[in-house]
Amino acid sequence: DFKGNLSDLGGPSANMYKMGGKDLSLCKRCKRPSCIHPKVCPNLNTDHRPLLDIYYAVDSLPEIKRSFIGSGVRYDLLLHQSKDATVNKITAEYTRELIARHVSGRLKVAPEHTSDRVLSIMRKPSFGQFQEFKKIFDRINREEGLRQQLIPYFISSHPGCKEEDMAELAVITKRLDFHLEQVQDFTPTPMTVATTIYYSGYHPYSLQKIDTAKSEKEKKQQNMFFFWYKREFREQIMTLLRRIHRADLIPKLYGKEREK
């Protein structure tokens, strides 16, 4: 019954196939918890050529009409500028190939949040990088005559995230014309830094005290900002914004008539 369309030619991070340390002896001595945060490690091989070769090989099969990427893409790696000009050229080639030929109408990405402070705790890139990638995505769509959507994934109640952060997320995503669908409330997961912070109240690396929304009320208050456009949340959101002294955000969400 196969019709020739592959729904997801990817993995947990769709564009990190065969990426690893160039010099593994350096990796063995490295104490950084992440190869890509706060900046991409210069010893990380960010060459997208092995993945491009797979895309081309799959699409050349006579039984295949289209192959799509359904997994989340690390757009920070697509924006990374290597010291190797050839790698940068291949990254640009991969980005166009991905957007022009492997999106089934919607491309999933995970900016996670808009607050750089919260993103730093998550070990994720600045939200500014997502906005930069969106411009590239929109430009390639125009050039290719395509009408595709970028579907961002966000999370509420992450350790370090406050109601004010969620309110600003609502304003920023509204400005970008997003009505969010791919959202989640933080759930502790074993063996992660975020869960260590959730249970201990401290960041394990800096020993900085970090507060986390834990009660059902706190978590619901953060989560409702994703759905600021729903009528049933308007009054609750405006009341909360006044309580946290951020009434300045009300007209940005609901217009000047809602400010008072």
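Analysis parameters
Residues numbered from 1 in each chain as written. Predicted model: local features only at pLDDT ≥ 70, side-chain atom pairs only at ≥ 80, totals over all residues. Heavy atoms only, no water. Helix = DSSP H or I, 4+ residues; strand = E, 2+ residues; numbered from the N terminus. Buried < 20%, exposed > 50% of the residue type's maximum accessible area, 1.4 Å probe, protein only. Polar contact = N/O pair within 3.5 Å; in protein donor to acceptor, adjacent residues only side chain to side chain. Contact = heavy atoms within 4.5 Å. Pairing = 2+ DSSP bridges. Axes fitted to C-alpha atoms, helices over the stretch in contact; angles between N-to-C directions. Arc of directions from axis to C-beta.

Novice: Would you mind going over the side chain of lysine 219 in detail, with residue names and values included?
Specialist: Secondary-structure assignment places lysine 219 in helix α9 (residues 216-223). Look at lysine 219 and you get buried, because its relative accessible area is 16%. Polar side-chain contacts of lysine 219 include one of 2.7 Å to the side chain of aspartate 185. If sequence neighbours within four positions are ignored, lysine 219 has contacts with Ser157, Asp185, Phe186, Ala213 and Lys214.

Novice: Run through the sheet that holds strand β5 (residues 182-185), naming residues and quoting values.
Specialist: Across the sheet, which stays open at both edges, the three strands sit in the order β3-β4-β5 with parallel pairing between neighbours. Of all strands in the sheet, those bounded by a partner on one side alone are β3 (106-112) and β5. Shown here is a sheet whose adjacent strand axes are inclined to one another by a mean of 20°, direction ignored. Where strand β4 (residues 149-156) and β5 come together, four bridges link them in parallel fashion. Across the sheet, residue isoleucine 155 finds its bridge partner in β5, namely glutamine 184. Running over the sheet, helix α6 (residues 127-144) touches β3 and β4 and is turned about 165° from β4.

Novice: Break down α9 for me, citing the residues and quoting the values.
Specialist: Since the α-helix advances by 3.6 residues per turn, residues separated by three or four positions end up pointing in the same direction. The set of residues buried in α9 consists of Lys219, Gln221 and Gln222. One face of α9 carries all of its buried residues, which in axial projection span an arc of 160°. Away from the buried face of α9 by more than 90 degrees, exposed residues Glu216, Lys217 and Lys220 are located. Tucked into the core, α9 has its buried residues touching β4, α7 (163-175), β5 and α10 (231-243).

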